[in-house]
Amino acid sequence: MDFGLRDRVAIVAAASSGIGFAAARELAREGARVFLCSRDEERSKAAAYKIHQETGAEVVGIRADVTSDKDAARFVRLAEESAGRVDILVTNAGGSPASTFAETTLEMYRKAFELNALSAIRLAQLVVPAMRERRWGRIVNITSISVKQPINGLLLSNTIRAGLTGWAKTLSTEVAADGITVNSVAPGYTLTERQDELAEVRGRASGKTKEEMIEIWASEIPMRRLANAEEIAASVAFLASERASYITGVTLLVDGGWVRSLY
Ligand code: NAD
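Residues numbered from 1 in each chain as written. Predicted model: local features only at pLDDT ≥ 70, side-chain atom pairs only at ≥ 80, totals over all residues. Heavy atoms only, no water.

S.K.: I tried to follow the overall build of the chain on my own but got confused; where do I start?
M.R.: When its secondary structure is counted, the chain shows 8 helices and 9 strands. Computed over C-alpha atoms, the radius of gyration of the chain comes to 18 Å, within 12% of the 18 Å expected from 2.2 N^0.38 for 263 residues, which places it in the range of a compact globule. For the chain, the spread of C-alpha atoms along the three principal axes comes to 55 × 40 × 35 Å. Relative to its 263 residues, the chain shows a buried fraction of 49%. When contacts within the chain are restricted to residue pairs at least 6 apart in sequence, those whose partners lie at least 24 apart make up 73%. With the model as given, the accessible surface of the chain reaches about 12500 Å², and the carbon-plus-sulfur share is 53%. Positive and negative side-chain charges of the chain, numbering 33 and 33 respectively, have mean locations separated by a distance of 2 Å. (Helix = DSSP H or I, 4+ residues; strand = E, 2+ residues; numbered from the N terminus. Rg over C-alpha atoms; globule rule 2.2 N^0.38 Å. Buried < 20%, exposed > 50% of the residue type's maximum accessible area, 1.4 Å probe, protein only. Contact = heavy atoms within 4.5 Å. Areas by Shrake-Rupley, 256 points an atom, 1.4 Å probe, with all protein chains shown as cover. Lys, Arg positive; Asp, Glu negative; His and termini not counted. Charge placed at Lys NZ, Arg CZ, Asp CG, Glu CD.)

As structure tokens, then:
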């Protein structure tokens, strides 16, 4: 299937590693021009270079913290000035810490809202007006399976990402007639740097090795294995593509069957 992404201009947030990196690479493989960011200039540049070497696509990496208004504006401006427009926005960020209700302070909720909701909303505010004028646009948010089935101990993710999903659905209806689609990809357990560290930390806390922790997670997944980041990225590229033109307002679970609900 030709995704029709050749020469489309994509910005991918939080993409020096993990799912964001894989999404940027998948879009580049499909021929898009890609701008990516992370909080670290060197790591962003290295990620962009790696993708460029592998795909031959034009890829630019810069330092931008997605919780900063100024950085987000600079990121979008760079893409608009260098490539003339932004066709595709992939929103992503790091994860919020694990906590229970008793442990979670109001400040933690505020921070999580900044990291996992406002980061996406502010980037959308920056790109949607011009997408509307050109009558074409794709927004794909990386969220989590927690939007369909809350995960024990991940109170902040369960709370904030559900809110962002409501926002995305609302935005999708407001901009649908302008040729813009807004969708989310909800990854299940995915083997990234972060997940590897998490397995180490959670394992240590419960007297298990990292490998045992990963096995426990895998045992809860009908496919009996974690995803790799490329499997998540393929869905991001599809939803960003021309071929997904009649899909909007959805959350696509990419979870090996982890979520048990029908909807
Ligand atoms: P990761 O730690 O491997 O990668 C996160 C990327 O985001 C890195 O490039 C990091 O530099 C960048 N980043 C973090 N905070 C940033 C900020 N404020 N501004 C700019 N860049 C920032 O993580 P991942 O596993 O790829 O996860 C990506 C997202 O998907 C997270 O929100 C995570 O909670 C969510 N998620 C992950 C999994 C999983 O199993 N890996 C499952 C469900 C949801």
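From this point, the discussion proceeds with the structure in view.
S.K.: I'm lost on unusual backbone geometry in this one. Help?
M.R.: Outside of glycine, negative phi angles account for most residues, and trans bonds account for most peptide bonds. Even without being glycine, Asp-7 reaches a positive phi, approximately 65°. Topologically, Asp-7 is positioned in the segment before β1 (9–12). You can call Asp-7 partly exposed: its relative accessible area is 47%. Located in the positive-phi region is Ala-14, a residue other than glycine, with phi close to 50°. For Ala-14, the location among the structural elements is in the loop between β1 and α1 (18–29).

S.K.: Would you mind showing me how to read the sheet that holds strand β5 (residues 137–142) here?
M.R.: Sheet strands line up and pair through hydrogen bonds in the backbone, either parallel or antiparallel. Spatially, 7 strands are ordered β3-β2-β1-β4-β5-β6-β9 in an open sheet, and the strand pairing comes out parallel. Across the chains shown, the open sheet's two edge strands, defined by having one partner strand only, are β3 (59–63) and β9 (251–254). Taken over all neighbouring pairs, the strand axes of this sheet differ in orientation by 15° on average, direction set aside. Judged from the 6 bridges that link them, β5 and strand β6 (residues 180–187) form a sheet pairing that is parallel. In the strand pairing of β6, Gly-137 is matched with Ile-180. Contacts from helix α3 (residues 69–83) reach β1, β2 (33–38) and β3, with the element oriented near 160° to β2. Most of the contacts of helix α5 (residues 155–175) go to β6, to which it runs at about 155°, and overall it touches β5, β6 and β9. (Pairing = 2+ DSSP bridges. Axes fitted to C-alpha atoms, helices over the stretch in contact; angles between N-to-C directions.)

S.K.: Explanation requested: the packing of aromatic side chains in the structure shown.
M.R.: For any pair of aromatic rings, the description rests on two quantities: the centre-to-centre distance and the angle between the ring planes. Under the definition given, this model contains 3 aromatic pairs. Centre to centre, the rings of Phe-3 and Phe-238 are 6.0 Å apart; their planes meet at 55°, and the pair counts as tilted. Linking Phe-3 in the segment before β1 with Phe-238 in helix α8 (residues 229–240), this pair joins segments that are 235 residues apart in sequence. With relative accessibility at 14%, the residue Phe-3 sits in the buried group. We classify Phe-238 as partly exposed; its relative accessible area is 24%. (Phe/Tyr/Trp six-rings, centres within 6.5 Å; stacked < 30°, edge-to-face > 60°.)

S.K.: How should I be thinking about the site of the ligand in this particular structure?
M.R.: Around the ligand, the structure places 28 residues, and the nearest of them are Ser-16, Ile-19, Arg-161, Thr-190 and Thr-192. Within the contact set of the ligand, an oxygen atom lies 3.5 Å away from a backbone nitrogen or oxygen of Gly-188. Going through the elements one at a time, α1, α4 (106–134) and α6 (193–205) are the ones with two or more residues in the shell around the ligand. When grouped by side-chain class, the residues that make up the shell around the ligand number 10 nonpolar, 14 polar and 4 charged. (Near = heavy atom within 4 Å. Polar contact = N/O pair within 3.5 Å; in protein donor to acceptor, adjacent residues only side chain to side chain. Nonpolar A, V, L, I, M, F, W, Y, C, P; charged D, E, K, R; others polar.)

S.K.: Please clarify how the pairing of strand β4 (residues 88–91) should be interpreted in this entry.
M.R.: Side-chain direction in a regular strand flips from residue to residue, so the side chains alternate between the two faces of the sheet. The alternating pattern of β4 places Ile-88 and Val-90 on one face and Leu-89 and Thr-91 on the opposite face, and all of these are buried. Across 3 bridges, β1 lies against β4 in parallel orientation. Across the sheet, the residue bridging to Ala-10 is Ile-88, located in β4. Direction of pairing for β4 relative to β5: parallel, over a ladder of 4 bridges. Each bridged residue has a counterpart across the sheet, and for Ile-88 the counterpart in β5 is Arg-138.

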